[in-house]
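Spelled out from the first residue to the last, the chains are:
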Amino acid sequence: MTFPKISAPRLFVVATAVICLMLPFTPAYAQRPESQLPSDDVVRVRTELVQTDVTVLDHHGRLVDGLGREQFELRVDDKARSISFFEPVTLQTFDDAKGTTAPATNPRTTRTETNTQPARAPHDRGRVVFFFIDDLHLSSDNLIRTRKAILQFIDSSIGQNDQVAIVSTSGQIGFLQQLTDNRAVLREAAQRLNYRRSLETYAGKVPISEYDAAQVSEHFNRELFAYLVAATASEFQTDALTAANMVINRVHQIGAQSRTTTINTLSALMGLMRSSAQLPGRKIVFFVTDGFIADPRVSNISEMLREVTKAAAQVGAVVYPMDARGVFSDTTTDASRNGYPDYTGSVSRNLLGETEATQEPLQILATETGGRAFINSNSFQDNFARALDESSGYYLLAWRPEGTVELSGKARVTVGIKGRPDLKVRVRRGFLEPPTRSASKDAPTGGPAARSTGPDDELRATLGSLYPLRSLPVALSVGYMNSAKGPVLLASMQIDGAALRADPAAEVRKTEVDVLGVAIDDRGPLSSFKQRLAIEPDSMSSDARPVIWNQQLLLVPGLYQVRVAVRERSSGRTGSAMQWIEVPDLSTGRLSMSSLFLGNRKPSEAGEKFATAPRPVMVDVEHRFARTSVLRFQTYIYNATSDASDPDVSIEARVMRFSTPIVVLPPARLPTDTTTDRSSLPYWAEMSLAKLPPGNYVLEVAATNRKTKAVALQQANFIVE
């Protein structure tokens, strides 16, 4: 395998691009997803039609599948309306993600078939899942429980084609708040969740919650105020007037903190909704919080809730709020606090009101977006599973609105199933707007490049775009291997020549493409490159091979995101791609493996015999292979032995779909006679794709040191066409 000569980076991305990539999370922060996006499962209808997505459950709460268009009854403001378009949408289920196949009526899958049609086979539509962690409201213990539950979800519940992001209200996760299927990125993001609660934390005997503060300052609860004054006077051994002033000051301070914190939380949630507008299909948002107050007397928080639910309808997001407090207990019975006795019962009576008040916004978010509020439950994992199962299938209805009221989304939409009053139809309050209307009004049609003033600005704006831009489709494949100079990042990029346009003003009908790339982490861009490609006319025909070029970068061990942007000079069209990669620290002496480098060949090149000696692998950038081809892959094993003895390493390779092995190669001993460099041992293999149906797959290669039992594992996604 040959690669271009390693060269030192010649360019550092200017400050504007760095700022675009590295801004901390603020209430209006927009998420940056990874380049691999889920397939488009939102039906594109004419702009005069609007969409409504509905979930149908039976009386046991199981998902109902197999309904037809004629069974649905849609009403807008109690007026029957015909359904112009209908499509059942099925995503990966919770059990699909774990590689199991359950009967259609298994309670674990919460799915019920309405007829005798066979259970659907797994497919390649993944889920888009956001964990929105309200760390400004979460207590320390509940945040630890939340972090543990998310880590468990990452290890056991992410499906093959899922995209997941972990977002916090405070922005403490920083650079890693991005959609990805890379578990290493998600684990690191979850580990960054630490206690950030900004509300008053009083260690004395007279705690005052934000609900208590609102009851005293806004609702004039005299009994509660009298208790707080008496308790404060007892704690500080002061007179009633001084204690009253102390309570009043604390109440006003807590109220101001509460309003600011809640506004920041809802603003951040709004930013998350709006940033996902370009993502197709339904988005699942797990909103984990300890609850908050949405008192209309205090501020405009109720109006903000309506704006959040409206934004959710526009982008197709379903919110599943989760009260991290779980099952409530009476905190006034805490013996360790030894609080002032409540002779009148005003505090205990207040507890029920506080519970309802802090959970009411969660119920609103769930009801208005078509989700479910999980309250009084201590099991995060069960709640995650139920929500994902419910969202694994839904029905998309398109209908024609009449009048400005309906177009504005203010009309009440109800959906029922004819002759089935036993079924529950969960529908959001509002409808999915067509893409042309749901896009941000502040965003120009051309994306980030449209706001730029020159070619270089356009290229830098494209590099820092929230989502991969596709006006000029570009593919990116990133891997790493070790070299004498240290870890080397290998980036292969590809453009379809048929998508390029020749410069009409040029004497020779060729085109030029500018390329800008960067490897970036929390510290900023650590290595970057800039190139100019001159593409000849014979590379722009429909039957020509794609235009492929490579770049090498020297990097220290760490977790990186590689971004690349391209711009065609003749047309100004831009495109971008991005991918995560983890470079391990080989100096630790642990058994490690380079990235997997995938290519293919036609069977006719060597008959049906597979390679038995090292052969260069021409990396396929898109990882898309025909069923008639033979998959070829190569990797390197590092630290296979710590002494002068011969390495004894076993290699196992298998192809999986939805965590289920489809093709398994027999275990093989890592050859040691192919190189004199025992620190870097190559491994290569081939397998036929003839028996694999079209779809998405995962190649998994594991190396096991038979002496120490240490294991190194690498995976790579590919598509069979």
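Quick caveat: nothing in here was measured; it's all calculated off a predicted structure.

About the cut-offs
- Within each chain, residues carry numbers counting from 1 in the order of the written sequence.
- Residue-level local features of this predicted model are given only where pLDDT is at least 70; pairs of side-chain atoms are given and counted only at 80 or more, and the full residue set underlies all totals for whole chains, interfaces and linings.
- Where side-chain values are given, they derive from all heavy atoms of the structure, hydrogens and water being excluded.
- Following DSSP output, two strands are said to pair if at least two bridges run between them.
- Secondary structure is summarised from DSSP: a helix means a run of H or I of at least four residues, a strand means a run of E of at least two, and numbering begins at the N terminus for each.
- With axes taken as lines fitted to C-alpha atoms, and helix axes fitted only over the stretch in contact, angles between N-to-C directions fall between 0 and 180 degrees.
- Contact between two residues is taken to exist if any of their heavy atoms lie within 4.5 Å; hydrogens are not considered.
- Among the buried residues, those of types Ala, Val, Leu, Ile, Met, Phe, Trp, Tyr and Cys that are joined through side-chain atoms within 4.5 Å form a nonpolar core.
- For the exposure calls, accessible area comes from a 1.4 Å probe over protein chains only, and a residue counts as buried if that area is under 20% of its type's maximum, exposed if over 50%, partly exposed in between.
- A helix is expected to span 1.5 Å multiplied by its residue count minus one.
- Two N or O atoms count as a polar contact when they lie within 3.5 Å, although within protein this holds only if one can serve as hydrogen donor and the other as acceptor, and sequence-adjacent residues are included solely when both atoms are side-chain atoms.
- We define a salt bridge as a contact between a side-chain nitrogen of Lys or Arg and a carboxyl oxygen of Asp or Glu at a distance within 4 Å.
- Confidence per residue, as judged by the predictor, is encoded in pLDDT with a range of 0 to 100.
- Two rings from Phe, Tyr or Trp (for Trp, the six-membered ring) form a pair when their centres are within 6.5 Å of each other. A pair whose planes differ by under 30 degrees is stacked, one over 60 is edge-to-face, and the rest are tilted.
- By definition in this entry, angles of less than 35 degrees are roughly parallel, angles greater than 145 are roughly antiparallel, angles of 65 to 115 are roughly perpendicular, and the rest are oblique.
- Take the far helix as the reference: if the near one is turned anticlockwise from it by less than a right angle, the crossing is left-handed, and if turned clockwise, right-handed.

A. Representation of the sheet that holds strand β19 (residues 558–568). Pairing is antiparallel in the open sheet, where 4 strands are placed in the order β17-β16-β19-β20. The open sheet has two free edges, formed respectively by β17 (524–535) and β20 (574–583), since each of these has just one partner strand. Averaged over all neighbouring strand pairs, the angle between strand axes comes to 15°, with direction disregarded. On top of the sheet, helix α13 (residues 455–463) reaches β16 (511–521), β17, β19 and β20; it is set at about 140° to β19, its chief contact.

B. Just the nonpolar core, in detail. Counting residues in each nonpolar core, the largest one holds 42 residues, and the members touching the most others are Phe131, Ile166 and Phe286. Looking at this core element by element, the count peaks at 6 residues for helix α3 (residues 140–156). The residues contacting Phe131, other than those within four sequence positions of it, are Ile150, Phe153, Val164, Ala165, Ile166, Val167, Phe286 and Phe384. One finds Val474, Val478, Phe597 and Tyr638 within the second-largest nonpolar core, a separate group that totals 36 residues.

C. Local environment of helix α6 (residues 222–236). When the terminal C-alpha atoms of α6 are compared, their 21 Å separation across 15 residues agrees well with the 21 Å that a helix rising 1.5 Å per residue should span. Every buried residue belonging to α6 is among Leu224, Tyr227, Leu228, Val229, Ala231, Thr232 and Ala233, and all of these are buried. Two to three positions downstream of the cap, the backbone nitrogen of Glu223 sits 3.3 Å from a side-chain oxygen, assigning the N-cap of α6 to Asn221. Downstream of α6 by a residue or two, Gln237 has a phi angle that is positive, lying close to 55°.

D. Focus on the pairing of strand β3 (residues 72–76). Side chains Phe72, Leu74 and Val76 of β3 all project onto a buried face; the interleaved residues Glu73 and Arg75 project onto a face where none is buried. Sheet analysis places β3 next to strand β12 (residues 413–417), joined by 5 bridges and oriented antiparallel. Each bridged residue has a counterpart across the sheet, and for Phe72 the counterpart in β12 is Ile417. Judged from the 3 bridges that link them, β3 and strand β4 (residues 79–81) form a sheet pairing that is antiparallel. Each bridged residue has a counterpart across the sheet, and for Leu74 the counterpart in β4 is Arg81.

E. Region of the structure containing the pattern of salt bridges. Using the criterion set out here, one finds 26 salt bridges in the structure. For Arg62, the salt bridge is made with Asp58, and the minimal N-O distance between the two is 3.2 Å. Of the two residues examined, Arg62 and Asp58, each falls in the buried class. Salt bridges linked by common partners bring Glu512, Asp514, Arg532 and Arg569 together as one network.

F. View of the confidence of the model for the protein. With 79% of its residues at a pLDDT of at least 70, the protein reaches an overall mean of 81. Counting interchain partners and residues more than four positions distant, the pLDDT-below-50 stretch residues 331–336 has 2 contacts. Low confidence marks residues 434–450, where pLDDT is under 50. Its contacts with residues over four positions away, or in another chain, come to 21 contacts.

G. Representation of the packing of aromatic side chains within the structure. By the definition in use, this model includes 17 aromatic pairs. Between the aromatic rings of Phe72 and Tyr395, the centroid separation amounts to 5.0 Å while the plane-to-plane angle is 55°, which identifies the pairing as tilted. Linking Phe72 in strand β3 with Tyr395 in strand β11 (residues 393–399), this pair joins segments that are 323 residues apart in sequence. For Tyr395, a relative accessible area of 3% corresponds to the buried category. Aromatic pair Phe286 and Tyr320: ring centres 6.1 Å apart, planes at 50°, arrangement tilted. Placement of the pair is Phe286 in strand β9 (residues 283–289) and Tyr320 in strand β10 (residues 317–323), with a sequence separation of 34 residues.

H. Expanded view of the sheet that holds strand β8 (residues 163–168). Read across the open sheet, the 4 strands follow the order β8-β7-β9-β10; overall the sheet is parallel. Every other strand in the sheet has two partners, leaving β8 and β10 as the edge strands with one partner each. Each adjacent strand pair in this sheet contributes to an overall mean axis angle of 20°, direction not counted. As defined by bridge partners, strand β7 (residues 128–133) adjoins β9 across 6 bridges and the pair is classed as parallel. Within β9, the residue paired with Ile133 across the bridge is Val288. Contacts between α3 and the sheet are confined to β7, β8 and β9, with β7 contributing the most and set at about 165° to the helix.

I. Quick look at the environment of Arg259. Relative to the helices and strands, Arg259 resides in helix α7 (residues 240–275). Sequence separation between Arg259 and Glu210 is 49 residues; the distance between their C-alpha atoms is 9.1 Å.

J. Structural view of the side chain of Gln172. Following the sequence through the fold, Gln172 ends up in the loop between β8 and α4 (183–191). On the basis of relative accessible area, Gln172 is assigned to the buried category, the value being 12%. Setting aside anything within four residues of it in sequence, one finds Gln172 in contact with Asp135, Arg192, Leu193, Asn194 and Arg196.

K. Examining the pairing of strand β26 (residues 660–664) more closely. Here strand β25 (residues 649–657) runs beside β26; their pairing, made up of 4 bridges, is antiparallel. Bridging across to β26, Val655 finds its partner in Val663. In this structure, the hairpin formed by β25 and β26 is closed by a connection of 2 residues, where Phe658 is found at a positive phi of approximately 55°.

L. Examining α4 more closely. The complete set of buried residues in α4 reads Ala184, Val185, Leu186, Ala189 and Ala190. Contacts made by the buried residues of α4 are with α3, β8, β19 and β20.

M. Structural view of the packing of helix α5 (residues 210–217) against α7. Where α5 meets α7, the axes come as close as 9 Å, and the angle between the chain directions of the two elements is 120°. Relative to α7, α5 is oriented oblique. Handedness of the α5/α7 crossing: left-handed. For the pair formed by α5 and α7, the contact residues are Glu210, Ala213, Val216 and Ser217 on the first element and Val251, Ile254, Gly255, Ser258 and Thr262 on the second.

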